[in-house]
Amino acid sequence: MCDPVTAVSAGLGAVQSGMQAQAANKAAKRNYQHKLKVRERKLMGERSLYQTKKVQFEQEVDLANIAAQRAYTRTQISLNNAQSLAILENQSDWQKMMASEGALEASASERGIGGKSIARQLAMNKGAFGMTQAMRTRGLTMAEYDAKMANESVNRQLKGYLNQSFSKVALKPIPDLAPPKPVYQNAMLS
């Protein structure tokens, strides 16, 4: 048989070892719960920051689109003004050409000149009008080309700005891996 003192002391050692295992298990569980709470708070903070960035991104998109539309409108107004000016100048040049033709014909008839020489002068007058028309048409064509290039530049800038803004919200935060569950000690085997 076993000595009673040895049996009691072995029993007390087992009880003490079991109590230590329970205490270690409680501490491990508390630590694990704490890590889970820290992880949850971190994720909530990241999601909150992401939502704020998302709202800012939407506002930036709206403002960028408004700025681009204003630039497109300014370009179109400038082009419209150039076309209106060309129409007014054409009317003025037409009136000058017609007055010049009348003056040429009146002068020629006063001097008794007719035939080919008057036809040549009238053709030169119309040629001068045609040259101003050609230069004005070239100017309008260049203005349309410049307007198209300006709009394309604004469009490239808009796309670049939107891509840069989107990069701030492109990656949605995801939770990191949960900490591993603690390995509990068996209080009964000790």
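Our structure is the block above this text.
Residues numbered from 1 in each chain as written. Predicted model: local features only at pLDDT ≥ 70, side-chain atom pairs only at ≥ 80, totals over all residues. Heavy atoms only, no water.

Participant: Now, about the environment of Ala103: what can you tell me, with residues and values included?
Facilitator: Here Ala103 shows up in helix H1 (residues 4-111). According to the relative accessible area criterion, Ala103 is partly exposed, its value standing at 46%. Put simply, Ala103 and Gln22 are 81 residues apart on the chain and 120 Å apart in space, counted from C-alpha to C-alpha. (Helix = DSSP H or I, 4+ residues; strand = E, 2+ residues; numbered from the N terminus. Buried < 20%, exposed > 50% of the residue type's maximum accessible area, 1.4 Å probe, protein only.)

Participant: Break down the packing of aromatic side chains for me, citing the residues and quoting the values.
Facilitator: Tallying each qualifying case throughout the model produces 2 aromatic pairs. Where Trp94 meets Phe129, the ring centres are 5.7 Å apart and the plane angle is 65°; that geometry is what we call edge-to-face. Here Trp94, found in helix H1, pairs with Phe129, found in helix H2 (residues 116-166); they are 35 residues apart in sequence, far enough to count as distant. For Phe129, a relative accessible area of 14% translates into the label buried. (Phe/Tyr/Trp six-rings, centres within 6.5 Å; stacked < 30°, edge-to-face > 60°.)

Participant: Residue-level account of the pattern of salt bridges, with values.
Facilitator: Summed over all chains, the structure comprises 5 salt bridges. Of the charged contacts in the structure, one is a salt bridge between Glu60 and Lys168, with a shortest N-O distance of 3.7 Å. Of this pair, Glu60 sits in helix H1 while Lys168 sits in the segment after H2; the two residues are 108 residues apart in sequence, bridging distant segments of the chain. Given a relative accessible area of 19%, Glu60 falls into the buried group. Glu101 is the salt-bridge partner of Lys126, the closest N and O atoms lying 3.9 Å from each other. One end of the pair, Lys126, is in helix H2; the other, Glu101, is in helix H1, and 25 residues separate them in sequence. (Salt bridge = Lys/Arg side-chain N within 4 Å of Asp/Glu carboxyl O.)

Any functional reading would require information that these geometric values do not contain.
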